[in-house]
Amino acid sequence: LDDIPLIENEQLQRFAEHYPDIDLRTLIRFFVARDQNIKKAKNMLDNYLQFKREKLSKFTEAKAQQILGVGQRSVLMEMGKAKDGTTLILFRGCLIKEGISAEEFGTAM
């Protein structure tokens, strides 16, 4: 199995080398979103990671419970795959409490 490369696309491989701790699915998402342009994908992912660091540095489990309610972290659930292999996601909007902003809700997930 050592002869079989994990990533066959050389551009994606070069992009992935910058982020050894990030799962391949996430890397592909950013790589494809920027038309396989490493520089643009790296910039987009770096900005995303910085945003998450800033938001999550002030975020606690208590805050998540305040926003979503106790035990309500499963707002998004993977439901399987479509015929083309696309992941199907169930969004449980009924779990959003009235008066919670979209930003707070997104951070809590």
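The structure displayed is predicted, hence computed values, not measured ones. (Residues numbered from 1 in each chain as written. Predicted model: local features only at pLDDT ≥ 70, side-chain atom pairs only at ≥ 80, totals over all residues. Heavy atoms only, no water.)

### Here we look at the packing of aromatic side chains
Part 1 of the reasoning: Counted under the stated rule, the structure contains three aromatic pairs.
Part 2 of the reasoning: Ring centres of phenylalanine 15 and tyrosine 19 lie 5.4 Å apart, and the angle between their planes is 65°; on these two criteria the pair is classed as edge-to-face. Like tyrosine 19, phenylalanine 15 is buried.
Part 3 of the reasoning: With a centroid separation of 5.3 Å and an interplanar angle of 45°, the aromatic rings of phenylalanine 30 and tyrosine 48 are classed as tilted. Note that phenylalanine 30 is positioned in helix H2 (residues 24–33) and tyrosine 48 in helix H3 (residues 38–56), a separation of 18 residues in sequence.
Part 4 of the reasoning: Take phenylalanine 30: its relative accessible area is 5%, and that puts it in the buried class.
Part 5 of the reasoning: Of the aromatic side chains, those joined through ring pairs into one cluster are Phe15, Tyr19 and Phe31. (Phe/Tyr/Trp six-rings, centres within 6.5 Å; stacked < 30°, edge-to-face > 60°. Buried < 20%, exposed > 50% of the residue type's maximum accessible area, 1.4 Å probe, protein only. Helix = DSSP H or I, 4+ residues; strand = E, 2+ residues; numbered from the N terminus.)

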